[in-house]
Amino acid sequence: MFDLRLNEEGIKPVAPSDDELEAMAELAPGDYEIYSEMMTIIVQEGKEIMTKMGISSMLHSGDSMAGLYTAAGDLVTTVCGTYLHCVTGQIPIKFILKYWRDNPSVGVHAGDVFYCNEAIYGGIHNPDQFAIMPIFHEDELIAWSVVGAHQSETGGKEPGGEITTARTRHDEGMKLTPIRIGERYMLRDDLLKMMENFISRAPRMQVTDVKARVAACDRIRVRVQELAVKRGTRFLRGLFRKMITETAEGARARIRSWNDGIYRHVVFIDTTGFDAALIRTPVALIKRGDHIVIDLTGASPEHEGAFQALAPAVRAHCAVHLYQFPFHDFPISAGMLEPIDFKVEHGTVLDPDPEAAISCSPLTASVTFPLLGVTFSKMMFDSPQRDLVCGFAASNSAAPMISCTNQHGVKVTDFMGYPLNAWGLSARHDRDGVDVFGFPHGPWGKAPDVEDIENEFPVLHLYQKMLPNTCGFGRHRGGAGAAIGYAIHHVPHTVWTSTCKESKVPTHAGLFGGYSQTVVPAIRVVDTDVFQTLSEGGAVPTNDIELLEHNTLGGRVIREHQTRPARVVHRGELICSSTQGGGGYGDVLEREPESVLVDVRNGIITDWVARNVYRVAYDPELLIVDQDETERLRSQERAARLNRGRPWDEFHAGWNLLEPSDRALTYYGTWPDARPNRQVIRI
Amino acid sequence: MSSTIDVDIGGTFTDCYVTHGRERVWCKTRTTTYDLSVGMNETIEEAAGRLGITTEELLADAAIIRYSTTLAMNRLIEHKGPKLGLLITEGFEDTTLIGRASQWSDGVPLKYQRNIAGVDRPEPLVPKELIVGVRERVDSRGEIVRPLDERDLLAKLQYLVDAGVRGFVVSLLWSFLDPAHERRIKEIIEEEYHAAFLGAMPVFLSSEVAPRIYEYPRTMMTILNAYLHQSMYEELSGIGDELRDRGYRRPMMMIHNTGGMASVLRTSAVNTYNGGPVAGLMGSAYIGGVYGYSNVVATDMGGTSFDIGMVAAGSPRFYQFMPIIDRWVVDATIVDCHSIGAGGGSIAGVNELIANRVEVGPESAGSMPGPAAYNQGGTQPTVTDADVVLGYVNPDNFHGGRIRLNPRRAERALRDHIAEPLGVSVNDAALMVRRIVDANMGQAIRRETVLKGFDPREFILFAFGGAGPTHCCGYARFAEMEKIVVFPFAPTFCAFGSSTMDVVHVYERSHHLHVLHPATGMYLDDYGSFNETVRGLREEALRDFAGEGYDPAEVTYELELDMKFGGQLNVKRVSSPLLELSTNADVVALRHAFEREYGDAYSPLGLNPEAGIEIHNFVLRGRVAQRRPELERHEFVSEDPSPALVSTREAHWEDLGTVPTPVYSQELIRCGNAIDGPAIIEAEDTTVVIEPGWRYTLDSYLNGVMERRHGGANARPMAALAEATPD
């Protein structure tokens, strides 16, 4: 019943028709420049409408998009948010064209509004909901508008939409294949009510945000129709095709300018969702001439958890990196992916059975961020286009979610937007990364203010600031991450989940000897009343490290994995969330000692790291470098490295004897090549 | 006293507009960035000279001097503020350094935002080592949950003083609800570090500077004011001193970005930011009223940027959404003037990777080296170079002949960088550059109008700035606008705009109220809470107006409210129909006002009262109306413009090719003269380009009205969706 071929082929643009090519050739000089910009402004208008009307925190955080597509469903232009959805947004249109257009019981008509959140046909996972409208002019289907955004509730077995304990798709709540929810420019109340029923933990958000998406889609439709009246449909066909074709040709030209080669990297995931585990995801970036293959074969076999992603989601995550780094200056259209092919192995965590749980797929597919960050950086360094060297970010990009009846008596479920937007950017070839850079999926989003969150949710922040030692160390260090502590306030209890991972193993984004970013701790303090401590005055912890080293809050400190199934947190208790920094670049011994001390002074690293990692000697009070002693320590460390060094064969022989514990390898597949070694039974 | 003097001190030029009896003159001089008063004095002297009187005579006769300045922007770019210490709630010391995470994108053109490998945070105005955490906490209901730890505070103050700070900014969480801790900190600083020991150590409290919800913009507002305060005060006071020495006897009034003005002493630094463009918009609103145009798009095209403002229903009532000053998000009421990187100095180039796509801006050649034609070392082609090559701009009469242009350099730049890579003629390359920059500006107008819920075709276009009249036909075409007004004083329009402004003070306070409660469906019945908030703001207004010598009876008030449906991320600024509530019907009226403005701006589809309706902020505007300049009407002379025809020169046009084109002198054109495009009118500081298909008529106010002979087609907006959808 699942059309997997559609979601594989739907990402590539359809071949141009003769008519489109002729119409393209008829464009006057300047038309392409002027009207391609106009198309983008039209889409931007749509996106702003959605953002200003909506509720979901993801609208600020950046997990949203508005796009314009050809009549055949290929992306013409988009404004994001995140580039994820502009890529996958093609698939539901192609689904509608394939299954509904000529189906007399459904059909496609002017005034229709379609809607979907099934990851197999367009989303990354089912929290991603899309409104889709066909755009007609004089009875001819000329384009589609699509507006989508992540919404943090799906009616699954746990709140929040990303269901850490899901074992199959049936645990994950509402999953709509593309259905028509509006006809003749009217939304259907019965279907809105059905959605509310599914999303009863956050009905207000569901209805408001459906309307926001549809209003935005409709605005795009109106604007495109206005242009069709003025310039005619043939002009639009030619323009759309040129926007796709020229991007593809530009992408080929840029790829051609880079050095051929095969560039590899591997990272490991540390959870299946319901269990801590070691999961492998390698990549080989194969560049030849004007063509690239992103080969992701060799990933661990699929498992029973929700930390796996369908192949379209993986490809879309690759597109996020491509659009944000090597092709950041390109117009965004389906043409960008034309010279790029993907190899994703079915039956792995990067493309499991359609019955699998995949609601945490962004946490899985985003392994492509460090994978492509590192491999593309190697290629850019070599080519050389070193201004594009950057390991990007960890593959975590998530946050805790709260579900409760808030202090205003309203049922709410949503992400905590701050940690979602608080990940560090990795170091560049000539400078450090960016501290608390943003949400890697859509870094232009905004982290909310403390007062914003406390106004809408029953929490009081104990702290929210950068966390020392979260960055990857190196000649240039990665940007720092952050730590946030939430005390439950005003209400007796709340429910929390979290789909962050990397509490045990970071997904390495370091480059050329730079350290990986850190792992992220997860802490709760239970059986206490933070407010009692606060009201008595005196010291309280101001970050996770202080909390663990000098807990003055009383109660019991629980350390746990960041992947947290639903748990009740009571008034006065504390739940913490922290984020990772970015990977480092180059040898730590090459970092300027003065820069190390600036980091100490600013709380980016601790004294221990300055002395033991960077090997800097300094006056701890005045923070003045002892240059001679530093040089001596660094020379000593270089000599120690040489002593620790082994000939390749000797190292290899010893290394190959090492193996993680059986416990860690439960879901890994065979060691070390991660081939299937157990049967997964879908219930 | 019958004279008024209005000055706009811009980055490159200082503009002046003077009325003296029935006479009015305007002029430009170079801005003297080392000392703004020098340029200001020069421009006033120039204006006096044009009136045939001495500067002293003009100043003695002046009833008012109003001015706007880019000084705030200059100081931020130079990073030359005092060393400040920031006291912030403990645990949140990185708030301004993190800046909602993507601070690196604030104030940066989209093109650079997209290059993730190249982004960086701005250098903070208060570095981390000068930020300390204060042990205290207030919650979202304004209740103190952690008392202020004064002993800890004293130690941290000593640390900051030892570090050499010259002022303190205090910004604590929820301080706008309960400012007790902030006020106590100020008391302690004043007690412990008395001015007698250390000299002036100003203390800025966020609860006083910007008592609004959201700690990041509130803190940045407070920092910016503290950072700019001293140097701006000294410099602005200096300007006044010199003019007073020469005979001026009245207060110096500063133009505010709130759309009003106030004396320098009652001006906060942040209010002066972008005052010039706002003055231009206010002037547009005034002239629109004189003409009976209630909907105006005001456009100002200069050397580096293109500013757009809107007057709708007679009022410039739009405010910037999340305004950014330099690289810093603030939460201030700033009249919305949107700016894009398009101007005479915008650089054009060919993107060889993407289909040889011609791109214009946002990079600008600025005034140094400037366009290639400036002969100052610039080699890249700019919009001005295109205008010169096309024959529109007279190289011998640019800025009244004060800047001599070299057309051969303009031609070479276009040939090398555009024409040859594309394989087209230099004229066609120039036309393409012009068409693209015009399209960029036209589409920006479309975007600004439609995003506010309007159709640009229902608006009149006002074009000013040095390059506005040169390009307005082009960008009007892309915005689908049919009628343009250009002004003889277009290059000094912002200075003219100052002359139309009232004395205005704006007071804001966050106060959260449910107009319609989501859980109970009940309307607000705590009228006292609403009324108390408004009353508090009125008292502040009365204090300030009294301090400026105004009679309370002269002051009028307008109340605006930031409202939203429950749970929404963004608020919508709404004009309140009432200054106070006394019945349920008043509350219902408030609800309907919100729903009407919300539906108009976005879509009636989004009306969602079941989610509840909330007020977040109260914004009270107090106003003392000022006498406006009277625009003199002139008798019709003739339709025939031939007496103003001074020459004919070859100019290249899109549909006509290169043709002899009549050139008229602005000075010689008389009321009623009608000129059909293609034609060119040369004025001292601008060139009016009348494209084919447009007719220019000098009207009875001696402004040029340009009308298109044919209009664009309308598409039917689909209202059915909104109308038929249940809320």
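Below, the structure is looked at part by part. Just so we're clear, the structure is a prediction, and the values are computed from it rather than from any experiment.

The rules behind each value
Residues numbered from 1 in each chain as written. Chains lettered and ligands numbered in written order. Predicted model: local features only at pLDDT ≥ 70, side-chain atom pairs only at ≥ 80, totals over all residues. Contact = placed C-beta atoms within 7 Å. Helix = DSSP H or I, 4+ residues; strand = E, 2+ residues; numbered from the N terminus. Nonpolar A, V, L, I, M, F, W, Y, C, P; charged D, E, K, R; others polar. Buried ≥ 20, exposed ≤ 12 C-beta atoms within 10 Å, placed from the backbone. Pairing = 2+ DSSP bridges. Axes fitted to C-alpha atoms, helices over the stretch in contact; angles between N-to-C directions. Parallel < 35°, antiparallel > 145°, perpendicular 65-115°, else oblique. Left-handed = near helix turned anticlockwise from the far one by under 90°.

**What about the interface of chain B and chain A?**
The figure often quoted for interface size is the accessible area lost as the parts come together.
Reasoning step 1: Across the boundary between the two partners, chain B contributes 76 residues, which contact 86 residues of chain A.
Reasoning step 2: Contributing elements (two or more residues each) for the side of chain B that touches chain A: β8 (144-146), α10 (215-245), β19 (357-364), α14 (426-451) and α19 (720-724) of chain B.
Reasoning step 3: Per element, the largest residue contribution to the side of chain B that touches chain A is ten residues, and it comes from α14(B).
Reasoning step 4: In the side of chain B that touches chain A, the residues fall into 38 nonpolar, 20 polar and 18 charged.

**Some remarks on the environment of Val349(A)**
Reasoning step 1: On the secondary structure map, Val349(A) appears in the loop between β11 (340-343) and α11 (361-365).
Reasoning step 2: Distance in space between the C-alpha atoms of Val349(A) and His137(A) is 43 Å, their sequence separation being 212 residues.

**Description of the pairing of strand β1 (residues 3-9) of chain B**
Residue and element names in this part refer to chain B.
Reasoning step 1: Counting buried residues in β1 gives seven out of seven residues, a clear majority hidden from the surface.
Reasoning step 2: Here β1 shows a buried face lined by Ser3, Ile5, Val7 and Ile9 and a second buried face lined by Thr4, Asp6 and Asp8.
Reasoning step 3: Looking at chain direction, β1 and strand β4 (residues 62-69) are connected through seven bridges and run parallel. Paired with Thr4 across the bridge in β4 is Ile64.
Reasoning step 4: Where β1 and strand β2 (residues 13-20) come together, six bridges link them in antiparallel fashion. By the bridge assignment, Ile9 is partnered in β2 with Thr14.
Reasoning step 5: Taking the residues between adjacent antiparallel strands as the criterion, β1 and β2 are bridged by three residues.

**Some details on the sheet that holds strand β31 (residues 694-698) of chain B**
Residues and elements named next belong to chain B.
Reasoning step 1: Within the open sheet, the eight strands sit side by side as β17-β14-β13-β20-β21-β32-β31-β28. Their pairing is mixed. For this open sheet the edge positions go to β17 (337-340) and β28 (674-676), each flanked by a neighbour on one side alone. Pairwise comparison of adjacent strand axes, ignoring direction, gives a mean angle of 20° for this sheet.
Reasoning step 2: Pairing between β31 and strand β32 (residues 704-708): five bridges, direction antiparallel. Counterpart to Trp694 in the pairing with β32 is Arg708.

**Thoughts on the packing of helix α10 (residues 311-324) of chain A against helix α12 (residues 368-382) of chain A**
All names here are of chain A.
Reasoning step 1: Close contact between α10 and α12 brings their axes to 9 Å; oriented N to C, the two are set at 45°. Of the possible angle classes, the one that applies to α10 and α12 is oblique. Relative to α12, the crossing made by α10 is right-handed. Across from Val314, His317, Cys318 and His321 in α10, the residues of α12 making contact are Thr368, Phe369, Leu372 and Gly373.
Reasoning step 2: Looking at side-chain class alone, the contact of α10 with α12 contains four nonpolar, four polar and no charged residues.

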